[in-house]
Amino acid sequence: MSPKARHPASTTHPGEPGSAGEPGGGGVRGRLNWLRAGVMGANDGVVSTAGLVVGVAGATTDQGAIAVAGVSGLVSGAISMAAGEYLSTSTQRDSELAMLATERRELAEQPDAELDELAGLLVERGLSEDVAREAAEQMMARDPLAAHARVELGIDPDDITNPWAAAFASAVSFVSGALLPLLVILLAPDDTRVPITVLSVLVALAVTGFTSATLGYAPRTRAVLRNAVGGALAMGVTYAIGSLVGTQV
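Reading the values: the criteria
Sequence order as written defines residue numbering, which begins from 1 separately in each chain. Selection of residues for local features in this predicted model requires a pLDDT of at least 70, selection of side-chain atom pairs for listing and counting requires 80 or more, and totals for whole chains, interfaces and linings are taken over all residues. Excluding hydrogens and water, the side-chain values take into account all heavy atoms of the structure. Starting at the N terminus, helices and strands are each numbered in turn, a helix being any DSSP run of H or I of at least four residues and a strand any DSSP run of E of at least two. Whether a residue is buried, partly exposed or exposed follows from its accessible area with a 1.4 Å probe, protein chains only, as a fraction of its type maximum: under 20%, in between, or over 50%, in that order. Residues count as neighbours in contact if any of their non-hydrogen atoms are within 4.5 Å of one another. Calculation of accessible area relied on Shrake-Rupley with a 1.4 Å probe; when residues are assessed, cover is drawn exclusively from the protein chains displayed. Interaxial angle, 0 to 180 degrees, is taken between N-to-C directions of lines fitted to C-alpha atoms, where a helix line uses only the stretch in contact. Roughly parallel refers to an angle under 35 degrees, roughly antiparallel to one over 145, roughly perpendicular to one between 65 and 115, and oblique to any angle outside these ranges. For any pair of crossing helices, the crossing counts as left-handed if the nearer helix is rotated counterclockwise from the farther one by less than a right angle, and right-handed if it is rotated clockwise. Charged residues are taken to be Asp, Glu, Lys and Arg, nonpolar residues to be Ala, Val, Leu, Ile, Met, Phe, Trp, Tyr, Cys and Pro, and polar residues to be all remaining types, Gly included. pLDDT: the predictor's confidence for each residue, scored from 0 to 100. By this rule the span expected of a helix is its residue count minus one, scaled by 1.5 Å. Here, a salt bridge means any Lys or Arg side-chain nitrogen found within 4 Å of an Asp or Glu carboxyl oxygen. Buried Ala, Val, Leu, Ile, Met, Phe, Trp, Tyr and Cys residues form a nonpolar core when they are joined through side-chain atoms within 4.5 Å.

Asker: For this particular structure, what's the right way to read the overall build of the protein chain?
Answerer: A tally of helices and strands in the protein chain yields eight helices and zero strands. Within the protein chain, the proportion of its 249 residues that are buried is 40%. Partitioning the contacts of the protein chain with sequence separation of at least 6, the portion at a separation of at least 24 is 72%. About 13,200 Å² of surface is accessible on the protein chain, with carbon and sulfur atoms providing 64% of the total.

Below, the structure written as structure tokens:
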């Protein structure tokens, strides 16, 4: 039997939320990953666009110039995010389909060896040999490909990554985040547009940091501070550069 690469998700154990061996768990884990990716995409949109428009605002008070820079950054950022997500998820999809094709062929050519392998994987996850053998037989009788895909590879064959959906979601999340600093800096009064934009961006970054930490079961305070400090640094640097360039023009 040829060796098969193990998918990272196969490190979870039956009974754990989102484990490969738990029916439906992959779908729940997948939805959480999508939601977390959406939050982070919005976060990227907030930071990159805020840095851009604040930097331009440091160089000029011309609202038209700020608008052009902001819209250009929003569009180019969304396209870049979508293209990057499409490429990465296409690679993941190709890998998943290749592993499933290999598994399908091996199940057809050597079903007994595949049964032994599945039982062995269940033993590694804590089941006794007798229980693992019985469970493997029942799983193989029901859907052998799905059993091996979930337990061995950590793949849900009914939930293969869709590159187009991922690209669209990435672009939408980026735009949703980028609209905040762009609209605020264009609608705020001229003499307070920068401080109001900075304040609104810091609040938004606190929200996205809190949300991403909650979804990832990470410390929330640390995530909020890290997000806010990073955003403040980005805006501070671009504003300083814009102010310096503006005085030289």
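Asker: What should I look at first to understand the environment of Arg133 in this one?
Answerer: If you trace the backbone, Arg133 turns up in helix H4 (residues 129-142). Accessibility expressed as a relative area gives 33% for Arg133, which makes it partly exposed. Discounting residues that sit within four places of it in the chain, Arg133 has contacts with Leu115, Asp116 and Ala119.

Asker: What should I look at first to understand the packing of helix H3 (residues 111-124) against H4 in this one?
Answerer: Put simply, H3 and H4 touch, their axes get as near as 8 Å, and they point 130° apart. The pairing of H3 with H4 is recorded here as oblique in orientation. The two elements H3 and H4 meet at a crossing, and its hand is right-handed. Between H3 and H4, the residues in contact are Pro111, Glu114, Leu115, Asp116, Leu118, Ala119, Leu122 and Val123 and Glu129, Ala132, Arg133, Ala135, Ala136, Glu137, Met139 and Met140, respectively. Grouping the constituent residues of the contact of H3 with H4 by class yields 11 nonpolar, no polar and five charged.

Asker: For this particular structure, what's the right way to read the confidence of the model for the protein chain?
Answerer: Atomic detail in the predicted coordinates should be set aside for any region of low pLDDT. With 86% of its residues at a pLDDT of 70 or more, the protein chain has an overall mean of 85. Confidence scores differ between elements of the protein chain, with helix H1 (residues 25-59) showing the lowest mean pLDDT of 82 and helix H6 (residues 163-187) the highest of 94. Note on residues 1-25: pLDDT under 50 across the span, and 54 contacts to partners over four residues away in sequence or across chains.

Asker: Would you explain helix H7 (residues 193-215) in this entry?
Answerer: Since the α-helix turns once every 3.6 residues, residues separated by three or four places project in the same direction. With 23 residues, H7 should reach 33 Å at 1.5 Å per residue; the first-to-last C-alpha distance of 33 Å fits that figure. Those residues of H7 lying buried are Arg193, Val194, Thr197, Ser200, Val201, Ala204, Leu205, Thr208, Gly209, Ser212, Ala213 and Leu215. Just past H7, the residue Tyr217 takes up positive phi, approximately 55°.

Asker: Would you explain the pattern of salt bridges in this entry?
Answerer: Side chains that differ in charge, positive against negative, can pair when their charged atoms come close. The full count for this structure, using the stated rule, is five salt bridges. Here Glu137 ties to Arg133 by a salt bridge, and the two come within 3.7 Å at their closest N and O atoms. On the criterion of helical spacing, the pair formed by Glu137 and Arg133 is a turn pair, its members being four residues apart in helix H4. Given the relative accessible area of 41%, Glu137 is considered partly exposed. Between Asp156 and Arg150 there is a salt bridge, with its nearest N and O atoms 3.1 Å apart. Residue classification places Asp156 among the buried positions, given a relative accessible area of 17%. Under the relative-accessibility criterion, Arg150 is labelled partly exposed at 23%.

Asker: Where do I start with the nonpolar core in this structure?
Answerer: Across soluble globular proteins, nonpolar side chains show a tendency to be buried alongside one another. Ranked by size, the top nonpolar core spans 22 residues in total, and within it Val53, Ile66 and Val201 carry the most contacts. When residues of this core are traced back to their parent elements, those giving at least two are H1, helix H2 (63-109), H6 and H7. Counting residues in each nonpolar core, the second largest holds 18 residues, with Leu115, Leu121, Ala147 and Ala149 among its members.

Asker: I keep staring at the packing of H2 against helix H5 (residues 144-153) and nothing clicks. Help me out?
Answerer: Any two packed helices are characterised by the angle at which their axes cross and by the distance between the axes. Where H2 contacts H5, the axes come no closer than 10 Å and their chain directions differ by 125°. In this view, H2 runs oblique relative to H5, as classed from their interaxial angle. Taken as a pair, H2 and H5 cross one another with a handedness that is right-handed. Of H5, the residues touching H2 (which contributes Met99, Leu100, Glu103, Arg104 and Leu107) are Pro144, Leu145, His148, Ala149, Glu152 and Leu153. For the contact of H2 with H5, the class distribution of residues is seven nonpolar, one polar and three charged.

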